[in-house]
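Analysis of the macromolecular model
Okay, here's what each chain looks like letter by letter:
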Amino acid sequence: MTIQCKYFRWAGFVLAIIGAYILSNADPDTQWLGWAISVSSCTIWAVAGWKDKDFPRMLMELMYLTLAIRGVVNWW
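Nothing here was measured: the structure is a model prediction, and the numbers come from that model. (Residues numbered from 1 in each chain as written. Predicted model: local features only at pLDDT ≥ 70, side-chain atom pairs only at ≥ 80, totals over all residues. Heavy atoms only, no water.)

Description of the nonpolar core
Going by this rule: Buried Ala, Val, Leu, Ile, Met, Phe, Trp, Tyr and Cys residues that are joined via side-chain atoms within 4.5 Å together make up what is termed a nonpolar core. Type-normalised accessible area, obtained with a 1.4 Å probe on protein chains alone, sets the label of each residue: buried when under 20%, exposed when over 50%, and partly exposed for intermediate values. Runs of E in the DSSP output that reach at least two residues are strands. Runs of H or I that reach at least four are helices, and both are numbered from the N terminus. Contact criterion: two residues are considered in contact whenever any of their non-hydrogen atoms come within 4.5 Å of each other.
If you look at the biggest cluster of nonpolar residues, it comprises 7 residues: Leu23, Trp35, Val39, Cys42, Leu65, Ala68 and Val72. Going through the elements one at a time, helix H2 (31-51) and helix H3 (55-75) are the ones with two or more residues in this core. Aside from chain neighbours lying at most four places away, what touches leucine 23 is Gln31, Gly34, Trp35 and Ser38.

Observations regarding the pattern of salt bridges
Formally: Between Lys or Arg on one side and Asp or Glu on the other, a salt bridge is scored when a side-chain nitrogen of the former is within 4 Å of a carboxyl oxygen of the latter.
Overall, the coordinates contain 3 salt bridges when judged by the stated rule. Among the charged side chains, a network of salt bridges with common partners joins Arg9, Asp52, Asp54 and Arg57.

Observations concerning the packing of aromatic side chains
Using the following cut-off: The criterion for an aromatic pair is that two Phe, Tyr or Trp rings (for Trp, the six-membered ring) have centres within 6.5 Å, with stacked assigned to planes under 30 degrees apart, edge-to-face to planes over 60 apart and tilted to the rest.
If you walk through the whole model with that rule in mind, you get 2 aromatic pairs. Between tryptophan 10 and phenylalanine 13, the ring centres sit 5.7 Å apart and the planes meet at 85 degrees, which makes this aromatic pair edge-to-face. Note that tryptophan 10 and phenylalanine 13 are positioned in helix H1 (residues 3-24) at a spacing of 3 residues, about one turn of the helix. When the centroid spacing of 6.3 Å and the interplanar angle of 50 degrees are considered together, the rings of tryptophan 35 and tyrosine 64 count as tilted. Placement of tryptophan 35 in helix H2 and of tyrosine 64 in helix H3 is noted, with a sequence separation of 29 residues between them. The class of tyrosine 64 is partly exposed, set by a relative accessible area of 33%.

Some points on a nonpolar patch on the surface
Our working rule: Put simply, a patch holds well-exposed residues, over 30% relative accessible area, that have no salt bridge, with like charges counted together within 9 Å and Val, Leu, Ile, Met, Phe, Trp or Tyr side chains within 5 Å. Surface exposure here means Shrake-Rupley accessible area, sampled with a 1.4 Å probe, where a residue is shielded only by the protein chains that are shown.
Side chains of Tyr7, Trp10, Phe13, Val14, Ile17 and Ile18 sit close together on the surface and give an oily, nonpolar patch of about 610 Å² of accessible area. Phenylalanine 13 gets classed as partly exposed once you look at its relative accessible area, which sits at 40%.

Thoughts on the environment of alanine 48
Within the fold, alanine 48 resides in helix H2. In this structure the C-alpha to C-alpha distance between alanine 48 and glycine 19, which are 29 residues apart in sequence, comes to 19 Å. In this structure, alanine 48 is in contact with Arg9 and Arg57, ignoring residues within four places of it in sequence.

Written out as structure tokens, the structure reads:
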């Protein structure tokens, strides 16, 4: 694993925490932002799963990515 890949994963983790924090505020005005941040996090983790050849994790993240995009569309 290269250093860039390590920081890439940490960025995905931090984005996941920020997205979950915003979503858990239950403020309808910021739900779209929480879902948009979750889209970014899911994208990072799906790419990491693909690079690791961990296809079940990649598919799980792609499923959540699809639902997160749906969340952005519904709350925007």
